[in-house]
Amino acid sequence: MTRTTLIVSSNADSGAGSLRQALAETQKNEGGQYEIVFQSTAQPNNSLTTGFFTIALKSPLPVIYRNDVQINVTSPRSVILVPEQASKSPNASSGLMNS
């Protein structure tokens, strides 16, 4: 079976190009194989070069319970998931990027 690649190009909590949308797509039908890859030309906004792809989550991500799902296997990147409230702290801009 051919693996379907889904691109995450946004650090938004939801919508087109988001991790949430990609995960939901993997769960639509039974029996698929998926790879979720993070791609963005945005640069991290901090001096420690951490938080390349920081996502402020408004709610828990969908559960992966059906299908074979791999995340960032072919092109690993730093991905940080934080609760939305944490992303609003005074130090949040040190790790968030604009998509």
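Cut-offs used in this document
- Residues numbered from 1 in each chain as written.
- Predicted model: local features only at pLDDT ≥ 70, side-chain atom pairs only at ≥ 80, totals over all residues.
- Heavy atoms only, no water.
- Helix = DSSP H or I, 4+ residues; strand = E, 2+ residues; numbered from the N terminus.
- Contact = heavy atoms within 4.5 Å.
- Areas by Shrake-Rupley, 256 points an atom, 1.4 Å probe, with all protein chains shown as cover.
- pLDDT = per-residue confidence, 0-100.

Some points on the overall build of the protein chain
Within the protein chain, the regular secondary structure consists of two helices and five strands. When the helices and strands of the protein chain are read in sequence order from the N terminus, they spell out β-α-β-β-β-β-α. Put simply, 80% of the contacts in the protein chain that link residues at least 6 apart link residues at least 24 apart. Element-wise, carbon and sulfur atoms account for 52% of the exposed surface of the protein chain, whose accessible area totals about 5,900 Å².

A short note on the confidence of the model for the protein chain
Low-confidence regions, as indicated by low pLDDT, have predicted coordinates that should not be scrutinised in detail. When the pLDDT values of the protein chain are averaged, the result is 76; 67% of them are 70 or greater. Here helix α2 (residues 84-87) stands out as the least confident element of the protein chain, with mean pLDDT 64; helix α1 (residues 19-26) is the most confident, with 94. Predicted confidence for residues 45-51 stays below pLDDT 50, and this span has 13 contacts to residues more than four positions away or in other chains. Segment residues 92-99: pLDDT under 50, and 24 contacts once partners within four positions in sequence are set aside and those in other chains are kept.

Considering unusual backbone geometry
Residues other than glycine seldom take positive phi values, yet Asn67 does so here, at roughly 85°. Its location among the elements puts Asn67 in the loop between β3 (53-57) and β4 (68-71).

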